[in-house]
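# A look at the structure
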Amino acid sequence: YKPSRVTPVGADAVLDSDEFLDPNNLGQAQNRPAQAQTFQENATGEKFTVVVNHLKSKGSGCGPGDDDPIQGNCNLTRTLSAAVLAGWLADDPTRSGDPDFLVIGDLNSYDKEDPIDALSAGADDTAGTGDDYTDLLLQFEGEHAYSYLFDGQLGYLDYALANQTLLGQVTGSTVWHINADEPDLIDYDTEFKQDAQD
């Protein structure tokens, strides 16, 4: 964050319960803990809480009933954790007393998949109610927004989702295509390159 723009208020809060980290009881943490911090905008004194996340990747399986042939490995794990996260935020984990929440981070799900639907529906698990979250990239950039390009496919797994009280205060959102449009041949790492290219 930029200290010239915002100042942390109070202590952070961490969601590291088994219900969130390993919601399907697989015996080890699948997600990383979520961390929430309330900030105050220096210019106006307005407060809002940001929670950063990294949900389980699609890269390795979680087993039958959890892995989905369409939505990828560990879809149920991510979905259950997203619902736990929404409930945790509804209880104001930083005790800020302010209703504005922004969920950011790598949710490892596409915008029409179950985990995003679960988080978007909020703590009451009912879409179209006052506790919903809105995908800001979809809202401001549209259906064809992307943050990565891999093997000719575009998409995004990283999010900023605002709850309803914060949404009206958001003036825009965009993607920084830091490496998305750069061909592997000229990028900075050696992954996916032949020896001669290295």
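Source: prediction; values computed, not measured. (Residues numbered from 1 in each chain as written. Predicted model: local features only at pLDDT ≥ 70, side-chain atom pairs only at ≥ 80, totals over all residues. Heavy atoms only, no water.)

## Some details on the overall build of the protein
Rules: For the purposes of this entry, the term helix denotes a DSSP run of H or I that reaches at least four residues, the term strand denotes a run of E that reaches at least two, and both are numbered from the N terminus. In this setup the radius of gyration rests on C-alpha atoms only. A globule is expected at 2.2 Å times the number of residues raised to 0.38. Working definition: with a 1.4 Å probe on protein chains only, accessible area under 20% of the residue-type maximum means buried, over 50% means exposed, and in between means partly exposed. Should any heavy atoms of two residues lie within 4.5 Å, those residues are considered in contact. Areas reported here follow the Shrake-Rupley algorithm with a probe of radius 1.4 Å; residue values treat only the protein chains shown as occluding. Only four residue types enter the tally: Lys and Arg on the positive side, Asp and Glu on the negative side, with His and both chain ends excluded. Charge positions come from single atoms, namely NZ of Lys, CZ of Arg, CG of Asp or CD of Glu.
Scanning the protein from terminus to terminus reveals five helices and eight strands. Scanning the protein from its N terminus toward the C terminus, one meets helices and strands in the order β-α-β-β-α-β-α-β-α-β-β-β-α. Here the C-alpha atoms of the protein give a radius of gyration of 18 Å, agreeing with the 16 Å that 2.2 N^0.38 yields for 198 residues. The burial tally for the protein puts 41% of its 198 residues in the buried class. Considering only intrachain contacts with a sequence separation of at least 6, the fraction spanning at least 24 residues in the protein is 62%. Accessible surface, the protein as shown: approximately 11000 Å² in total, 51% of it carbon and sulfur. Here the protein holds 10 positive side-chain charges and 36 negative ones, and the gap between their average locations is 5 Å.

## Details of the nonpolar core
Threshold: What is meant by a nonpolar core is a set of buried Ala, Val, Leu, Ile, Met, Phe, Trp, Tyr and Cys residues, joined one to another through side-chain atoms within 4.5 Å.
One finds Phe20, Val51, Leu85, Trp88, Leu89, Val103 and Leu119 to be the most contacted residues of the largest nonpolar core, which totals 27 residues. Of all the elements in the fold, those that place two or more residues in this core are strand S1 (6-15), helix H1 (18-21), strand S2 (34-41), helix H2 (75-90), strand S4 (101-106), helix H3 (114-120) and strand S8 (158-163). Contacts of Leu85, omitting those with residues within four sequence positions, involve Leu15, Phe20, Ala34, Val51, Asn53, Val103 and Leu119. Residues Val6, Val50, Leu102 and Leu136 belong to the second largest nonpolar core, which totals nine residues.

## Some thoughts on the sheet that holds strand S3 (residues 47-54)
Stated formally: Two strands are counted as paired when DSSP detects at least two bridges linking them. Axes here mean lines fitted to C-alpha atoms, for a helix over just the part in contact, with angles spanning 0 to 180 degrees between N-to-C directions.
In space, the six strands of this open sheet follow the order S1-S2-S3-S4-S8-S5, with mixed pairing throughout. Single-partner strands in this sheet number two, and they are S1 and strand S5 (133-135). Pairwise comparison of adjacent strand axes, ignoring direction, gives a mean angle of 25 degrees for this sheet. In this sheet, S3 lies alongside S2 in antiparallel orientation, the contact comprising six bridges.

## So, the packing of aromatic side chains
Filter applied, for reference: Centre distance within 6.5 Å is the pairing criterion for rings of Phe, Tyr and Trp, where only the six-membered ring of Trp is used; planes under 30 degrees apart are then read as stacked, over 60 as edge-to-face, and the remainder as tilted.
Under the criterion given, the structure shown has three aromatic pairs. Measuring from centroid to centroid gives 5.1 Å for Tyr156 and Tyr159, while their planes differ by 55 degrees, and the two rings are tilted. By the ring-pair criterion, three or more aromatic residues cluster together here, those being Tyr1, Phe39 and Phe48.

## Concerning the pairing of S8
Each regular strand displays side chains that alternate between the two surfaces of the sheet. Sheet topology note: the S4/S8 ladder contains five bridges and is antiparallel. Each residue of the ladder has a partner; that of Ile104, found in S8, is Ala160. Pairing between S5 and S8: three bridges, direction antiparallel. Each residue of the ladder has a partner; that of Thr134, found in S8, is Ala162.

## Some points on the pairing of S2
As paired elements, S1 and S2 share seven bridges and run antiparallel to each other. If you follow Val14 over to S2, its bridge partner there is Gln35. Linking two consecutive strands that pair antiparallel, namely S2 and S3, is a turn of five residues; a positive phi of about 85 degrees is found at Gly45 within it.

## Looking at the side chain of Lys56
Applied cut-off: Counted as salt bridges are all cases of a side-chain nitrogen of Lys or Arg within 4 Å of a carboxyl oxygen of Asp or Glu.
On the secondary structure map, Lys56 appears in the loop between S3 and H2. Within the buried set, Lys56 has no salt-bridge partner at all; the shortest N-O distance to an opposite charge, 7.6 Å, is to Asp67. Lys56 has contacts with Gln30, Asn31, Cys62, Cys74, Thr77, Arg78 and Asn108, leaving out every residue within four places of it along the chain.

Taken by themselves, the reported measurements are silent on function.
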